[in-house]
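Residue-level listing of the chains:
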Amino acid sequence: CCVFVCVFFFLSLYFFFFFLFFFLFIIFFFFFFFLMIRRPPRSTLFPYTTLFRSGIYKFFEKLAWKKFDKVAFISHLSKKRGEEHKLTINKKVKVIYPPVEFSRFNKLKVKDDNYFLYYSRLNPPKRQDLLILAWKKFVEKHPKMKLFLVGTPENEEYYKKLIELSKSTKNVEILTDVGEKELEK
């Protein structure tokens, strides 16, 4: 009877730890699988950004890059970044620009032509701050003109800087997270 209780006890401990580690492995695998598929934008506003800049993501990314024979980039800049990180060694590399559907722009009806629309990510490489500073001079000669900066902020500090600049400049409006339907209006 004592032997039976001991065997039962050790078997139950074995199965408990087996299922515990199996469950943790499944959670870990799906968590990183989800993150590998849906990589967020580089942003201080997104909570997982530090994880993506960490060595964990870079390890899995380099592991995935080894599986590719051919690589297509959407610009020469992204190709250059891939080469800098040594991701394109011994691979056929091609730049394929993303398509633009020009027919949808033909349908747009311009109600008022006294504005400029700048549609882009709101981050330092796009230099919207320089655009706003130039707009200060432009709006002195053309006071009826208005500037719309439309995009998604990727850097919180830079976004705050743009807000401050737009407050001190006439006829500048910053719109974030605008959908395509809303943009067409």
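Residues numbered from 1 in each chain as written. Predicted model: local features only at pLDDT ≥ 70, side-chain atom pairs only at ≥ 80, totals over all residues. Heavy atoms only, no water.

Caption draft 1: Examining the environment of L165 more closely. Mapped onto the fold, L165 is located in helix α7 (residues 156-167). On the basis of relative accessibility, which here comes to 15%, the residue L165 falls in the buried class. In this structure the C-alpha to C-alpha distance between L165 and Q128, which are 37 residues apart in sequence, comes to 9.9 Å. Ignoring anything within four residues of it in the chain, the contact list for L165 reads D129, I132 and L133. (Helix = DSSP H or I, 4+ residues; strand = E, 2+ residues; numbered from the N terminus. Buried < 20%, exposed > 50% of the residue type's maximum accessible area, 1.4 Å probe, protein only. Contact = heavy atoms within 4.5 Å.)

Caption draft 2: Spotlight on the pattern of salt bridges. With the rule as written, the count across this model stands at 6 salt bridges. With its nearest N and O atoms 3.6 Å apart, the salt bridge here joins R121 to E154. Placement of R121 in the loop between β3 (115-119) and α6 (128-141) and of E154 in the loop between β4 (146-151) and α7 is noted, with a sequence separation of 33 residues between them. For the salt bridge of K146 with E173, the shortest nitrogen-to-oxygen distance reads 3.2 Å. Remark: E173 occurs in strand β5 (residues 172-176) and K146 occurs in strand β4; sequence separation between them is 27 residues. Overall, E173 belongs to the partly exposed group, its relative accessible area being 29%. A network of salt bridges, in which partner residues are shared, links R127, D129 and K161. (Salt bridge = Lys/Arg side-chain N within 4 Å of Asp/Glu carboxyl O.)

Caption draft 3: Expanded view of the confidence of the model for the protein. Across the protein, the average pLDDT comes to 77, with 73% of residues at 70 or higher. Across residues 43-47, where pLDDT falls below 50, the model places 12 contacts with residues more than four positions away in sequence or in other chains. (pLDDT = per-residue confidence, 0-100.)

Caption draft 4: Representation of the sheet that holds β5 in the model. Judged by pairing direction, the sheet is parallel, and its 3 strands sit side by side in the order β3-β4-β5 without closing on themselves. Unpaired on one side and paired on the other, β3 and β5 mark the two borders of the sheet. With direction set aside, neighbouring strand axes in the sheet form an average angle of 15°. Where β4 and β5 come together, 5 bridges link them in parallel fashion. When the bridges of β5 are listed, V150 appears paired with L175. Sitting on the sheet, α6 touches β3, β4 and β5, and the angle it makes with β4 is about 170°. (Pairing = 2+ DSSP bridges. Axes fitted to C-alpha atoms, helices over the stretch in contact; angles between N-to-C directions.)

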